[in-house]
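Working through the structure, step by step
Below, each chain spelled out in residue letters.
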Amino acid sequence: MSACLLVADANSNIHGNTTNPPTSSSATTEKTASVSTNASVNATTQHQALYIWGTASHASVSSIFKTPLFMPVKLDNIHQIACGHAHVAFVTSSGKLFTFGLGEDGVLGHGGKSNVPTPKQVEKLKTMHVGSVACGAFHTAVIATPPGEIRFIEIAKADENYSMCTHSDMLDMMFEHNPSANRYMLGSLYVFGQGKAGQLGLPMQSFTKPNVKIAAYPTLVPFFPEQHVKVVKVSCGLHHTAV
């Protein structure tokens, strides 16, 4: 199906391209914090709720839903969410990474190819602080850093000037002076899933299954540390990755 888009206005009224908008109070009184679109569509709200709708031929959702379906999961605030062809990944405000959906080719980062019907934390990144996540069709990429090394960069939208700081309170103060700026966490790039087209950027010895170029666990992309470069943003296409 074609992707849906959900928008919440300042009065928290939800609009979308669904023919039967949700009527429950939980779906109409909460502001949307993040939206991602693909074969399945997700929205998170500032009240720690997760909704999902769209085409569901695998474990991402259990059927075809034309209106948002609430998923009863207990999580801290969801900071960012991304959708692949048949899997979903999201980062919480405390830096934890969760994935669920079709597990083929290790795209969920749990070490196997089993489907996961509800959000499950990625164990291999439990000791890291994850800042952001991106999903390709069959691979996933995250930016992560050790908790004691968290740094942010603030980039102004208008003139592309930037500043850096190492403390979130300082960053909040800076952000108040320049509310139009974007801010990102600096870190290292970890990838997992299918790498046949080179989209993981890994040397052959880094693959869990080198013969089929699959990384079933989050794996550090060595190129950037070797160049002494920190990654700020990552984006994934069907069979490619860009930072």
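Because the structure is a prediction, the values reported are computed rather than measured.

A closer look at the overall build of the chain
Counting its regular elements, the chain contains three helices and 19 strands. Counting over 243 residues, the chain shows a buried share of 46%. Taking all contacts inside the chain whose residues are at least 6 apart in sequence as the whole, residues at least 24 apart take part in 49%.

Description of the pattern of salt bridges
A complete count under the given rule lists one salt bridge for this structure. Taking the shortest distance from any N to any O, the salt bridge between Lys126 and Glu123 comes out at 3.4 Å.

A few points about the sheet that holds strand β12 (residues 139-145)
The sheet built from four strands is open, its strands ordered β11-β12-β16-β17 with antiparallel pairing. The open sheet has two edge strands, β11 (129-135) and β17 (214-220), and neither has a second partner. Neighbour-to-neighbour, the strand axes of this sheet turn through a mean angle of 15 degrees, independent of strand direction. Where β12 meets strand β16 (residues 188-194), six bridges bridge the pair, whose relative direction is antiparallel. Of the residues in β16, the one forming a bridge with Ile143 is Leu189.

Side note on the nonpolar core
Counting residues in each nonpolar core, the largest one holds 17 residues, and the members touching the most others are Leu189, Val191 and Leu202. Sorting the residues of this core by element identifies β12 and β16 as the ones contributing at least two each. Beyond its immediate stretch of four places on either side in the chain, Val191 contacts Thr140, Ala141, Leu200, Leu202, Ala215, Tyr217, Pro218, Thr219 and Val221. Core analysis: the next-biggest nonpolar cluster, separate from the first, contains 14 residues, Ala89, Leu125, Val130 and Ala144 among them.

What about the sheet that holds strand β8 (residues 87-92)?
Ordered by their spatial adjacency, four strands build an open sheet running β7-β8-β9-β10, and the pairing between neighbours is antiparallel. Two strands close off the open sheet at either side, each with one partner strand: β7 (78-83) and β10 (116-121). Across the sheet, the mean angle from the axis of one strand to that of its neighbour is 15 degrees, orientation sign disregarded. Two strands pair when backbone bridges link them, and β7 and β8 are joined in this way by five bridges, in the antiparallel orientation. When the bridges of β8 are listed, Ile78 appears paired with Thr92.

Some remarks on the confidence of the model for the chain
A residue-level look at the chain finds 63% of positions with pLDDT of 70 or above and a mean pLDDT of 75. For residues 166-176, every residue scores under 50 in pLDDT, and the model assigns this stretch 16 contacts once sequence neighbours within four places are set aside.

Digging into the pairing of β12
Most of β12 is tucked away: seven of the seven residues are buried. Residues His139, Ala141, Ile143 and Thr145 point to one face of β12 and Thr140, Val142 and Ala144 to the other, with burial holding for every one of them. For β11 and β12, the ladder comprises six bridges, and the chain directions are antiparallel. Considered in β12, the bridge of Cys135 is made with Thr140. As consecutive antiparallel partners, β11 and β12 are separated by three residues.

Quick word on the side chain of His129
Position of His129 relative to the elements: it lies in strand β11. Under the relative-accessibility criterion, His129 is labelled buried at 18%. Setting aside residues no more than four positions away along its own chain, His129 makes contact with Ser93, Ser94, Gly95, Ile143, Ala144, Thr145, Pro147, Ile150 and Met185.

Parameters and conventions
- Positions within a chain are numbered from 1, following the residues in the order the chain's sequence is written.
- Two thresholds apply to this predicted model, a pLDDT of at least 70 for residue-level local features and 80 or more for giving and counting side-chain atom pairs, whereas whole-chain, interface and lining totals are computed over all residues.
- Side-chain metrics in this entry use all non-hydrogen atoms of the structure; hydrogen atoms and water are not considered.
- Only DSSP runs of H or I with at least four residues qualify as helices, and only runs of E with at least two residues qualify as strands; both kinds are numbered from the N terminus onward.
- With a 1.4 Å probe rolled over the protein chains alone, any residue whose accessible area is under 20% of its type maximum counts as buried; one over 50% counts as exposed, and the rest are partly exposed.
- Every residue pair with non-hydrogen atoms within 4.5 Å of one another is taken to be in contact.
- The salt bridge definition used is simple: a Lys or Arg side-chain nitrogen within 4 Å of an Asp or Glu carboxyl oxygen.
- In this analysis, strands are considered paired if DSSP registers two or more bridges between them.
- Fitted lines through C-alpha atoms give the axes, limited to the stretch in contact for helices. The angle between two N-to-C directions lies from 0 to 180 degrees.
- In this description, a nonpolar core means a group of buried Ala, Val, Leu, Ile, Met, Phe, Trp, Tyr and Cys residues linked to one another through side-chain atoms lying within 4.5 Å.
- Every residue carries a pLDDT, the predictor's confidence in it, which falls somewhere between 0 and 100.

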